[in-house]
Amino acid sequence: MKLYDYILSPSCYKVRLMAALTDTKLDLRAVDFHPGLEHRGPELLALNPAGSIPILEDGDVLLTESSAMLVYLAAKAAPGWLAGSDAQEAARVQQWLSFSGRLTASLGGARLHEMLLRPGDIGALRASGIAALRELELGLVEQAERGRKFLAADRPTVADIACFPYVALAPDGGVPLDPYPAIRLWSRRLRSLPGFIEMPGIHRLHELKPEPQLETGEA
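Description of the structure in this document. (Residues numbered from 1 in each chain as written. Predicted model: local features only at pLDDT ≥ 70, side-chain atom pairs only at ≥ 80, totals over all residues. Heavy atoms only, no water.)

1. Some details on the overall build of the protein chain
Secondary structure summary: the protein chain contains 7 helices and 4 strands in total. Reading the protein chain from its N terminus to its C terminus gives the helix and strand order β-α-β-α-β-β-α-α-α-α-α. For 219 residues, the compact-globule formula gives about 17 Å, and the C-alpha radius of gyration of the protein chain, at 17 Å, lands near that figure. The buried share of the protein chain, taken over its 219 residues, is 48%. Considering only contacts within the protein chain whose residues lie at least 6 apart along the sequence, 65% involve residues at least 24 apart. Accessible area for the protein chain stands at about 10600 Å²; split by element, carbon and sulfur atoms hold 55% of it. (Helix = DSSP H or I, 4+ residues; strand = E, 2+ residues; numbered from the N terminus. Rg over C-alpha atoms; globule rule 2.2 N^0.38 Å. Buried < 20%, exposed > 50% of the residue type's maximum accessible area, 1.4 Å probe, protein only. Contact = heavy atoms within 4.5 Å. Areas by Shrake-Rupley, 256 points an atom, 1.4 Å probe, with all protein chains shown as cover.)

2. Here's the deal with helix 5 (residues 122–145)
Between its terminal C-alpha atoms helix 5 stretches 35 Å, which fits the 34 Å expected from 24 residues at 1.5 Å a residue. Along helix 5, the residues that are buried comprise L125, G129, A132, L133, L136, E137, G139, L140, Q143 and A144. Capping the start of helix 5 is the job of one residue whose side-chain oxygen sits 3.2 Å from the backbone nitrogen of G123: D121. Positive backbone phi, at 85 degrees, marks G147, one or two positions downstream of helix 5. (Expected span 1.5 Å × (residues − 1). Polar contact = N/O pair within 3.5 Å; in protein donor to acceptor, adjacent residues only side chain to side chain.)

3. Considering the environment of V167
Here V167 is to be found in helix 6 (residues 158–168). On the basis of relative accessible area, V167 is assigned to the buried category, the value being 2%. With 35 residues separating them in the primary sequence, V167 and A132 have C-alpha atoms 9.5 Å apart. Ignoring anything within four residues of it in the chain, the contact list for V167 reads L103, L107, L133, L136, L177, I183 and W186.

4. Concerning the side chain of N48
For N48, the position within the fold is in the loop between helix 2 (42–47) and strand 3 (55–58). For N48, a relative accessible area of 4% puts it in the buried group.

5. Concerning the sheet that holds strand 3
On the basis of which strands lie adjacent, the open sheet formed by 4 strands has the order 2-1-3-4 and mixed pairing. Single-partner strands in this sheet number two, and they are strand 2 (27–30) and strand 4 (61–63). Neighbour-to-neighbour, the strand axes of the sheet open up by a mean angle of 15 degrees, direction not taken into account. Helix 1 (residues 10–21) rests against strand 1 (2–5) and strand 2 of the sheet, and its axis sits at about 150 degrees to strand 1. (Pairing = 2+ DSSP bridges. Axes fitted to C-alpha atoms, helices over the stretch in contact; angles between N-to-C directions.)

6. Quick look at the pairing of strand 2
Of the pairings in the sheet, the one linking strand 1 to strand 2 comprises 4 bridges and is parallel in character. When the bridges of strand 2 are listed, D5 appears paired with A30. Read from strand 1 through helix 1 to strand 2, the crossover connection turns out right-handed. (Right-handed = clockwise from strand over helix to strand, strands pointing away.)

7. Here's the deal with the packing of helix 1 against helix 3 (residues 66–77)
At their nearest, the axes of helix 1 and helix 3 sit 9 Å apart, and the two run at 5 degrees to each other. Taken together, the axes of helix 1 and helix 3 are roughly parallel relative to one another. Residues S11, K14, V15, M18 and A19 of helix 1 touch helix 3, and the partners they reach there are S66, M69, L70 and L73. Partitioned by chemical class, the residues of the contact of helix 1 with helix 3 number 6 nonpolar, 2 polar and 1 charged. (Parallel < 35°, antiparallel > 145°, perpendicular 65-115°, else oblique. Nonpolar A, V, L, I, M, F, W, Y, C, P; charged D, E, K, R; others polar.)

8. Comments concerning the pattern of salt bridges
Opposite charge on two side chains allows them to pair when their charged atoms are near. Summed over the entire model, instances satisfying the criterion amount to 9 salt bridges. Here D5 and R16 are joined by a salt bridge, their closest N and O atoms 2.5 Å apart. With D5 in strand 1 and R16 in helix 1, the pair connects residues that are 11 residues apart, well separated along the chain. By relative accessible area, which is 8% here, R16 ends up buried. R102 serves as the salt-bridge partner of E135, at 2.9 Å between the closest nitrogen and oxygen. Residue E135 is found in helix 5, and its partner R102 is found in helix 4 (residues 87–116); the two are separated by 33 residues along the sequence. One salt-bridge network, in which partners are shared between bridges, spans R29, E38 and E43. (Salt bridge = Lys/Arg side-chain N within 4 Å of Asp/Glu carboxyl O.)

Right under this line is the structure:
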């Protein structure tokens, strides 16, 4: 299974993370995304005319959307990461998978603007990112009130992995996470999962700075 990968891409990282959490071996093919723009070259455009990465190849299977890759990896190696038989849980997973695209467009856009000087209205990108974070914070608080520690269920699912990287890297785009205690607690839970791997800017769990508890008392 080959992943066309860029080490600094949150979208690529979420696929690497899902593979690590499901004990799936990937053959990583490094792409010169910046400054080489290799993803816009003829070889990769032949695989993905949209000119984006990641790209996942597994025999005759070719996937070009990171959320689809998460579902594919989970379905092959660890179905527990997918939605269960409960219709509401399945719908919540799909809703958060769709929501993750808003995080990519807003927080990811702000990060590209700040780190790679990608053109864009940084004020609008940050405002959209803050709106998305507030929605995510509310969703996590509501889940905590139901006794659930993750976005779609009482266990981590592909929905959490789809949303996590762009949230964790929001400060790279000038959007701090200090106002969102539920998000910070959720991030700590994900970073403590067995098999968790790092990327530049996202580190394993440490105890240097204790996180506040939510009003529900949940840690």
